[in-house]
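Inside the fold
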Amino acid sequence: MTDTAPTSAEPRAPRTVFLLAHTGRPAAIRSAELVVHGLLKSGIGVRVLEAEAADLPLPPSVELAPAATPACLDGCELLVVLGGDGTLLRGAEFARASGVPMLGVNLGRVGFLAEAERDDLDKVVDRVVGRSYQVEERMTVDVVVHQNGSVIHRDWALNEAAVQKTEPERMLEVVLEIDGRPVTGFGCDGIVCATPTGSTAYAFSAGGPVVWPEVEALLMVPIGAHALFAKPLVTSPTSVLAVEVQPHTPHGVLWCDGRRSVGLPAGARVEVRRGAVPVRLARLHHASFTDRLVAKFALPVAGWRGAPH
């Protein structure tokens, strides 16, 4: 008995890209149309949420996902997100839950999570078609809220977990702890516990340091603290950060990435540690984070002469 060689190569599995857009923005709708047309023309399938399909100019060949669950990305090789920071963070929720890499196109203002700008859409499509992108993992944080010895809430964040006051006229009294040891306590407007990715988000506006994404660390940044020692802290990525809301203080609120919130009763304890599941980001460029920082904030670098030759 002899073996017969196959007469043709095995067919490759069909490729599918999931598209998530801020359908409330005309720019996002126009951008979605360009991306969908370019991908379909190249033989790549496109899937979108059924709830968003009515707001997008889509041909009938686009696949519709009936529910916004991690399973809606099954079989997709990439998640392309068109929008501002809020839409990109929404996309990060899908990316983390599914493990599918996210490629962000910024249609907002700063957009540090985005890999491309609105004017780069043709290049984005070409890179996706040619699989000319790399995937990197970004650290997340896992968040646990305790009350009277019981866990009352669990969450996660890519950028930050922020403990904030809810009464404008009164400060939130907190004690900060790192690795099981108290550091300091004071009244404040809040505390931001951030990842390096989140160092250019809420933590940045609160006066925290900019941390390069490849640095593995956790940040703790006070907001409007009434204290002599209330400096931003940078800790090991294995550290456990804790914010204890004092029993005599007003209730607070926990925000994760500015998208999900839960009330914090007086006496609550919020613990933040490195997340077990990262978010995977697709990268098109090899530009350094330094160049991205200069470009995003239009930093003044005139007069730079570079290293001596």
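The coordinates are above.
The following paragraphs examine the structure supplied in this document. This structure is a prediction, so every number in the text was calculated from the model and none was measured.

A look at helix α1 (residues 26-41)
The end-to-end C-alpha distance of α1 is 23 Å, a good match for the 22 Å that 16 residues give at a rise of 1.5 Å each. Along α1, the residues classified as buried are A27, A28, S31, A32, V35, V36, G38 and L39. Each buried residue of α1 sits inside an arc of 165° when the element is viewed along its axis, so together they form one side. Those residues of α1 that are exposed and aimed more than 90 degrees away from the buried face are P26, L34, H37 and K41.

Section: the pairing of strand β17 (residues 252-256)
Burial analysis of β17 places 4 of its 5 residues in the buried class, the great majority of the element. Where strand β10 (residues 160-165) and β17 come together, 5 bridges link them in antiparallel fashion. Residue pairing for β17: V163 is matched across the bridge by L254. When β17 meets strand β18 (residues 260-264), the two strands line up antiparallel, connected through 5 bridges. Paired with C256 across the two strands is R260, which belongs to β18. Hairpin remark: β17 followed by β18, antiparallel, with 3 residues in the connecting loop; positive phi at D257, about 55°.

Considerations on the side chain of E177
Locating E177 in the fold gives a position in strand β11 (residues 172-178). Judged by relative accessible area, E177 falls into the buried class, the value being 14%. Only 2.6 Å separates the side chain of E177 from the side chain of R269, close enough to count as a polar contact. Excluding residues that lie within four positions of it along the chain, E177 makes contacts with P182, V183, M220, V240, L241, A242, E244 and R269.

The rules we used
Residues numbered from 1 in each chain as written. Predicted model: local features only at pLDDT ≥ 70, side-chain atom pairs only at ≥ 80, totals over all residues. Heavy atoms only, no water. Helix = DSSP H or I, 4+ residues; strand = E, 2+ residues; numbered from the N terminus. Expected span 1.5 Å × (residues − 1). Buried < 20%, exposed > 50% of the residue type's maximum accessible area, 1.4 Å probe, protein only. Arc of directions from axis to C-beta. Pairing = 2+ DSSP bridges. Polar contact = N/O pair within 3.5 Å; in protein donor to acceptor, adjacent residues only side chain to side chain. Contact = heavy atoms within 4.5 Å.

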